[in-house]
Amino acid sequence: YQRRVRGAQAVMAEEAKTTPKLKTVKKKGVPAVPLTIKSIELGCYEINTWYSSPYPAEYAQQSKLFICEFCLKYMKSSTIAFRHTAKCPARCPPGDEIYRKDSVSVFEVDGRKNKTYCQNLCLLAKLFLDHKTLYYDVEPFLFYILTEYDRKGCHIVGYFSKEKNSFLCYNVSCILVLPPYMKRGYGKMLIDFSYALSRREGKLGSPEKPLSDLGLVSYRSYWKDKLLEYFTTYNEAEITIKHISQTLGFNPYDIVSTLQAYGMIKYHKSTHFILKRPEMLSAWKRKQAASSSLPCRSIDMARLKWTPPHQRK
């Protein structure tokens, strides 16, 4: 890790005198609500914001904010950001690296131990989430930061948060993939990672309800893919919700609602029947074959170096 940090700092020092060409990221369909902060500069990206966020007044009045992609400090001008970048020691999120495969890493960050970083993360996330209400009370939460690594450091891709002690066993409180990394499989990877943690804990997982419209679409798509994968490999004559739940770590309610949404469950003579729809399975297999050349975003459990909090000394 120290070699990676020193190497990244050397690269940043070499490039400190040059200004990188920014890649502008826009969203189709401009929000109806007027925005004060219209864009942010994060690393090599200039990103148009979607929603407002409760930054302190002196920052909220700016039309553009400059955010360090490693420590998430927010600044008002490019000059301040340039000076900060040259001296910022961070090259990855604070906390423990619990997963690494190829150029992708996941860090677990405790909201109590790294309060400022997590608050800055929540403020950043609110620029792209309409329903998010948590900004400053981050201590009861753990944050799982997904990053891409290159010679400059670990660049934030997205994250999800979860309560340390959830009475309803929710495994996700808030989830976001930053706009430059959308439609690259990272959303489903974050969802898959949340269930991997739940299975490691020996629990059934479910996202916090109610889900946003975009969140529901993402989760329904993920649940459907996992159920179809299950149906292609399970060859017993009888399929039960209980067995699906125990195998995949899904809450039974989420399984039933997904089966109902896609017409894969039928009620007949006081009994529910799960339907294996051949046309849906065939379409899923074709989709898998077509995406075989894309980077694999599935979680390799052998690379997950994580112990559930209640089992730590």
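In case you missed it, the structure is sitting above this.
Just so it is clear, the model here is predicted, and its values are computed rather than measured.

Analysis parameters
- Residues numbered from 1 in each chain as written.
- Predicted model: local features only at pLDDT ≥ 70, side-chain atom pairs only at ≥ 80, totals over all residues.
- Heavy atoms only, no water.
- Pairing = 2+ DSSP bridges.
- Helix = DSSP H or I, 4+ residues; strand = E, 2+ residues; numbered from the N terminus.
- Axes fitted to C-alpha atoms, helices over the stretch in contact; angles between N-to-C directions.
- Contact = heavy atoms within 4.5 Å.
- Buried < 20%, exposed > 50% of the residue type's maximum accessible area, 1.4 Å probe, protein only.
- Phe/Tyr/Trp six-rings, centres within 6.5 Å; stacked < 30°, edge-to-face > 60°.
- Lys NZ or Arg CZ within 6 Å of the ring centre and 35° of its normal.
- Salt bridge = Lys/Arg side-chain N within 4 Å of Asp/Glu carboxyl O.
- Core = buried A, V, L, I, M, F, W, Y, C linked by side-chain atoms within 4.5 Å.
- Parallel < 35°, antiparallel > 145°, perpendicular 65-115°, else oblique.
- Nonpolar A, V, L, I, M, F, W, Y, C, P; charged D, E, K, R; others polar.

A. Here's a closer look at the sheet that holds strand E7 (residues 104-110). Ordered in space as E6-E7-E8-E9-E10, the five strands form an open sheet in which the pairing is antiparallel. Each end of this open sheet is capped by a strand with a single partner; those strands are strand E6 (96-101) and strand E10 (174-177). Taken pair by pair, the neighbouring strands of this sheet meet at an average axis angle of 20 degrees, ignoring direction. Two elements, strand E8 (residues 141-150) and strand E9 (residues 153-163), share ten bridges in a ladder whose sense is antiparallel. Residue pairing in the sheet places Glu-148 in a bridge with His-155 of E9. Across the sheet, helix H4 (residues 115-126) lies against E7, E8, E9 and E10, angled at about 80 degrees from E8, the strand it touches most.

B. How the structure looks around the environment of Gly-185. Topologically, Gly-185 is positioned in the loop between E10 and helix H5 (186-201). Residue class for Gly-185 comes out partly exposed when judged on its relative accessible area of 33%. For the pair Gly-185 and Arg-297, spaced 112 residues apart in sequence, the C-alpha separation works out to 6.3 Å.

C. Spatial organisation of the packing of aromatic side chains. In this structure the tally under the stated criterion is 16 aromatic pairs. Between the aromatic rings of Trp-50 and Phe-128, the centroid separation amounts to 5.6 Å while the plane-to-plane angle is 90 degrees, which identifies the pairing as edge-to-face. With Trp-50 in the loop between strand E3 (45-48) and helix H2 (57-60) and Phe-128 in the loop between H4 and E8, this pair connects stretches of sequence that are 78 residues apart. Looking at Trp-50, the relative accessible area reads 8%, which means it is buried. Among the residues examined, Phe-128 registers a relative accessible area of 3% and is labelled buried. One aromatic cluster in this structure is built from Tyr-99, Tyr-144, Phe-160 and Phe-193. One cation-aromatic arrangement involves Lys-76 over Tyr-59; the distance from NZ or CZ to the ring centre is 5.8 Å. Above the plane of the ring of Tyr-186 lies Arg-297, whose end atom (NZ or CZ) is 4.0 Å from the centre.

D. Representation of the pairing of E9. For E9, a buried count of ten out of eleven residues is recorded, marking the element as mostly surrounded by other parts of the structure. The antiparallel pairing of E8 with E9 creates a hairpin that spans two residues between the two strands.

E. Summary view of the pattern of salt bridges. Counted under the stated rule, the structure contains 16 salt bridges. Here Lys-164 ties to Asp-110 by a salt bridge, and the two come within 2.7 Å at their closest N and O atoms. With Lys-164 in the loop between E9 and E10 and Asp-110 in strand E7, this pair connects stretches of sequence that are 54 residues apart. In this structure, Lys-209 engages Asp-254 in a salt bridge whose closest nitrogen and oxygen atoms are separated by 3.5 Å. Separated by 45 residues along the polypeptide, Lys-209 in the loop between H5 and helix H6 (213-233) and Asp-254 in helix H8 (residues 252-261) bring together distant segments of the chain. A cluster of three or more residues bridged by salt bridges with shared partners is formed by Glu-41, Glu-46 and Lys-64.

F. Seen up close, the nonpolar core. Membership of the largest hydrophobic core comes to 75 residues, with the highest contact counts inside it found for Tyr-55, Phe-143, Phe-193 and Phe-231. Element by element, the count of residues in this core is highest for H5, at eight residues. Each residue touching Phe-193, except ones within four places of it in the same chain, is listed here: Ile-98, Tyr-99, Val-106, Tyr-144, Phe-160, Ile-299 and Leu-304. Core analysis: the next-biggest nonpolar cluster, separate from the first, contains seven residues, Phe-66, Met-75, Ala-81 and Ala-90 among them.

G. Highlighting the packing of H6 against H8. Contact pair H6 / H8: the axes reach a minimum separation of 10 Å and the direction vectors enclose 90 degrees. For the element pair H6 / H8, the angle class is roughly perpendicular. Here H6 contributes Arg-220, Trp-223, Lys-224, Leu-227 and Phe-231 to the contact with H8, which in turn contributes Asp-254, Ile-255, Ser-257, Thr-258, Leu-259 and Ala-261. Across the contact of H6 with H8, the residue classes tally to six nonpolar, two polar and three charged.

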